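Listed below, chain by chain, are the residues.
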Amino acid sequence: MFKEGMIQMLGMGIYESLYMTLISTFMSYVIGLPMGLILVSTDKDGIYPIIWLNKLLGFIVNILRSVPFLILMITVIPVTRKIVGTTIGSKATIVPLVIAAAPFIARVVESSLKEVDKGVIEAAESMGASPFQIMFRVLLPEAKPSLLVGAAISVTTILGYSAMAGIIGGGGLGAIAMNYGLYRYQRDIMFITVILLVIIVQIMQEIGMKVANISDKRL
Amino acid sequence: MEQENVIIELKEMSKSFTVKNGVVHALDKINLKINRGEIFGIIGMSGAGKSTLVRCINLLERPTEGQVIFDGQDLTVLKPAQLRQARRSMGMIFQQFNLLMQKTALENVCFPLEISGVKKEDAKKRAEELLEIVGLEERKDSYPAQLSGGQKQRVAIARALTTNPKVLLCDEATSALDPNTTRSILELLKDINKRLGITVVIITHEMSVIEEICQRVAIIDSSKIAEIGTVEKIFTAPKSNIGKQLVYSESKPKGEPKAEFDDTNKRYCRIVFDGETSFKPILANMILECQSVVNILYANTRNIDGQAYGQMVVQLPPEERIAKKIIAYLETQDVNFEEVDYV
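What comes next concerns the included structure. (Residues numbered from 1 in each chain as written. Chains lettered and ligands numbered in written order. Predicted model: local features only at pLDDT ≥ 70, side-chain atom pairs only at ≥ 80, totals over all residues. Heavy atoms only, no water.)

**Thoughts on the overall build of chain B**
Here is step 1 of the chain: Counting its secondary structure elements, chain B contains twelve helices and 14 strands.
Here is step 2 of the chain: Burial statistics for chain B: of 343 residues in total, 52% are counted as buried.
Here is step 3 of the chain: Residue pairs in contact within chain B that sit at least 24 positions apart in sequence constitute 69% of those at least 6 positions apart.
Here is step 4 of the chain: Surface accessibility of chain B: about 16300 Å² in total, with carbon and sulfur atoms responsible for 47%. (Helix = DSSP H or I, 4+ residues; strand = E, 2+ residues; numbered from the N terminus. Buried < 20%, exposed > 50% of the residue type's maximum accessible area, 1.4 Å probe, protein only. Contact = heavy atoms within 4.5 Å. Areas by Shrake-Rupley, 256 points an atom, 1.4 Å probe, with all protein chains shown as cover.)

**Topic: the sheet that holds strand 2 (residues 22–35) of chain B**
All names here are of chain B.
Here is step 1 of the chain: Within the open sheet, the four strands sit side by side as 2-1-4-5. Their pairing is antiparallel. Only two strands of the sheet have a single partner each, and these edge strands are strand 2 and strand 5 (73–74).
Here is step 2 of the chain: The pairing of strand 1 (residues 6–19) with strand 4 (residues 65–70) spans five bridges and is classified as antiparallel. Each bridged residue has a counterpart across the sheet, and for Ile-8 the counterpart in strand 4 is Phe-70. (Pairing = 2+ DSSP bridges.)

**Some remarks on the interface of chain B and chain A**
Here is step 1 of the chain: Tallying the contact residues gives 22 residues for chain B and 24 residues for chain A.
Here is step 2 of the chain: Between chain B and chain A, roughly 2000 Å² of surface is buried when both sides are summed, and carbon and sulfur atoms account for 56% of that area.
Here is step 3 of the chain: At the boundary of chain B with chain A, the tally comes to two salt bridges.
Here is step 4 of the chain: The closest approach of N and O atoms between Glu122(A) and Arg55(B), which form a salt bridge, is 2.5 Å.
Here is step 5 of the chain: Run the count over chain B and chain A and you get ten residue pairs in polar contact (both at pLDDT 80 or more).
Here is step 6 of the chain: Those elements that place two or more of their residues in the side of chain B that touches chain A are helix 3 (80–87), strand 6 (90–93) and helix 4 (105–115) of chain B. (Buried area = accessible area lost by both parts, 1.4 Å probe. Salt bridge = Lys/Arg side-chain N within 4 Å of Asp/Glu carboxyl O. Polar contact = N/O pair within 3.5 Å; in protein donor to acceptor, adjacent residues only side chain to side chain.)

**Digging into the pattern of salt bridges**
Here is step 1 of the chain: A full pass over the atoms with the stated rule returns 15 salt bridges over all chains.
Here is step 2 of the chain: Notably, a salt bridge pairs Asp171(B) with Arg55(B), separated by 2.7 Å at the nearest N-O pair. One end of the pair, Asp171(B), is in strand 7 (residues 167–171); the other, Arg55(B), is in helix 2 (residues 50–57), with 116 residues separating them in the sequence.
Here is step 3 of the chain: On the basis of relative accessible area, Arg55(B) is assigned to the buried category, the value being 12%.
Here is step 4 of the chain: Between Asp191(B) and Arg195(B) there is a salt bridge, with the nearest N and O atoms lying 3.1 Å from each other. Of this pair, Asp191(B) and Arg195(B) both sit in helix 7 (residues 179–196), four residues apart, roughly one helical turn.
Here is step 5 of the chain: The class for Arg195(B) is exposed, based on a relative accessible area of 54%.
Here is step 6 of the chain: In the salt-bridge network here, residues are joined through shared partners; they are Arg107(A), Glu110(A) and Lys114(A).

**Quick notes on the side chain of Ser240(B)**
Residue and element names in this part refer to chain B.
Here is step 1 of the chain: With respect to the element layout, Ser-240 can be found in the loop between helix 9 (231–236) and helix 10 (241–251).
Here is step 2 of the chain: Looking at Ser-240, the relative accessible area reads 14%, which means it is buried.
Here is step 3 of the chain: A polar atom in the side chain of Ser-240 sits 3.1 Å from the backbone nitrogen of Gly-243.
Here is step 4 of the chain: Beyond its immediate stretch of four places on either side in the chain, Ser-240 contacts Ala-226 and Glu-227.

**Focus: the layout of surface pockets**
Here is step 1 of the chain: Taken as a whole, the largest pocket spans an internal volume of roughly 920 Å³.
Here is step 2 of the chain: Along its surface, the largest pocket is lined by 31 residues, and Gly46(A), Ile47(A), Pro49(A), Glu125(A) and Leu60(B) are the ones closest to its centre.
Here is step 3 of the chain: Those elements giving two or more residues to the lining of the largest pocket turn out to be helix 1 (6–41), helix 5 (90–114), helix 6 (118–126) and helix 7 (131–164) of chain A together with helix 3 of chain B.
Here is step 4 of the chain: Class assignment of the residues belonging to the lining of the largest pocket gives a composition of 15 nonpolar, three polar and 13 charged.
Here is step 5 of the chain: The space that makes up the second largest pocket amounts to roughly 220 Å³.
Here is step 6 of the chain: Taken together, 16 residues line the second largest pocket, and the ones lying closest to its centre are Asp117(A), Val120(A), Glu142(A), Arg218(A) and Met101(B).
Here is step 7 of the chain: Looking at the lining of the second largest pocket element by element, the count peaks at three residues for helix 7 of chain A.
Here is step 8 of the chain: In terms of residue class, the lining of the second largest pocket is built from six nonpolar, five polar and five charged. (1 Å grid on protein atoms, 1.4 Å probe; cavity = no way out; pocket = protein on both sides within 12 Å on 5 of 7 lines; lining within 4 Å. Points joined across faces, edges and corners; volume = space filled by probe spheres on them. Nonpolar A, V, L, I, M, F, W, Y, C, P; charged D, E, K, R; others polar.)

**Section: the packing of helix 1 of chain A against helix 7 of chain A**
Residues and elements named next belong to chain A.
Here is step 1 of the chain: Running from N to C, helix 1 and helix 7 point in directions that differ by 140°, and their axes come no closer than 9 Å. Judged by the inter-axis angle, helix 1 sits oblique to helix 7. Judged by the twist between their axes, the crossing of helix 1 over helix 7 is right-handed. Between helix 1 and helix 7, the contacting residues are Ser-17, Met-20, Thr-21, Leu-22, Ser-24, Thr-25, Ser-28, Tyr-29, Leu-33, Leu-37, Val-40 and Ser-41 on the first element and Met-135, Phe-136, Leu-139, Leu-140, Leu-147, Gly-150, Ala-151, Ser-154, Val-155, Ile-158, Leu-159 and Ser-162 on the second.
Here is step 2 of the chain: Taken together, the residues that form the contact of helix 1 with helix 7 break down as 15 nonpolar, nine polar and no charged. (Axes fitted to C-alpha atoms, helices over the stretch in contact; angles between N-to-C directions. Parallel < 35°, antiparallel > 145°, perpendicular 65-115°, else oblique. Left-handed = near helix turned anticlockwise from the far one by under 90°.)

**A short note on unusual backbone geometry**
Residue and element names in this part refer to chain B.
Here is step 1 of the chain: Despite not being glycine, Lys-29 shows a phi value in the positive range, around 45°.
Here is step 2 of the chain: Mapping Lys-29 onto the fold places it in strand 2.
Here is step 3 of the chain: On the accessibility criterion, Lys-29 (48% relative accessible area) is partly exposed.
Here is step 4 of the chain: Unlike most non-glycine residues, Asn-164 shows phi in positive territory, near 50°.

Written as structure tokens, this is what we have:
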């Protein structure tokens, strides 16, 4: 059933998928984490209310979140070409992935930070903590377990997005499933890629939850 | 001289909130002076505005009008950075403790020092000292989730004291604790007040808390100060309606059966002992003098700051003549009493 090099191809697919996912997740957090912090802090009940900035950022996030990933991916092709120099392959997929995932992560981070007890923030204020100190010494450390759970959700979501990128010539397991399963009717190969994706998601989710649980001191 | 003695002064302070259907006046023209080194209580029913009041003292809530003068400085005109500096002279503890859940007891106590730029080792040293004062040095590496309510409040107290504040604000600090723990926390606050000379401001809805440690008390009712005075005075002779309600309802055991009393004769007399008269056998003398027994419906005396205070409600005999005689006798004695129509 398997031709020569099939294992090697699947191995390459796994590597590419992980590469796209992890790099994109990291870069999305570089953008999304500060966005989430700003969304929480500048809220009208936040520690440093700036209503217009909050509204503007919220609006941008909503717009980006409402564009389906498939369409977003095609729309940003010119941007991708400018940044990466090509529009195909796993490297090129990182650009639309980050554009789609950063606002998603901003919302995930926002909801984690909003879970932090208002009373604890009030206590920090009563001690003379500045808004910046509250952000970095109260909000982020107190929300850490929740942020880690959010990261596990985000990384699996981004893996799902990355598989979709196979349609427009992205690499990874998604591309293999597309090329062999859809175009060549090799259902068995498609089946294997799906199983591989399921396993990867399971592992990532498990690790994320474990780390979150270990880091949580409220238990 | 008097001015020097005042550490917190609220001048014509009002706070209103804008809500969906209009404006809510949480506090209305509050004038209040709290003296250096005293334990001052602020009591009121829930929703009276007492929590807002304490938050106005350190400007967690910004008053809509009026001034908040702390140690000679008007806080309402300070810039944010100056205000943060001023807040470091005011510790605050809360009903829900508000500890950092992801940090150990020691790290929690270090926190105020670290944010004010003290070196880690120095902060740790000071934090350990404070945990010793509150009696928790051996639990320093525990996380809040591993501590009981009373222990959490002790950590919170230690944390509030790290920056050597002049004032400790307590917002319903014992309301989430059981009676025994409450007593031990109040003892600790008393001790801190005595030992470190820190002014303590206590917000509560429990008269027993006020009675246990406060020297003066302000009663807040519907956004205003209804009454203010020494605890002895308010306990023995509350003037305002809310004061009477708080003092009398608190001192009567809950659920006491009243039906047993003869309701056809509703002449009751409340006798108040103000710390001196309680040592004289007034009631016994009255019975001997008037040759008539009275029914004691309720009696409660307590120790307030080393002096005995209390009140007693007696039912007067049905015969008009004897009742008059008793009243006349009480009038000759140096004792506060009044005829009441309730027990």
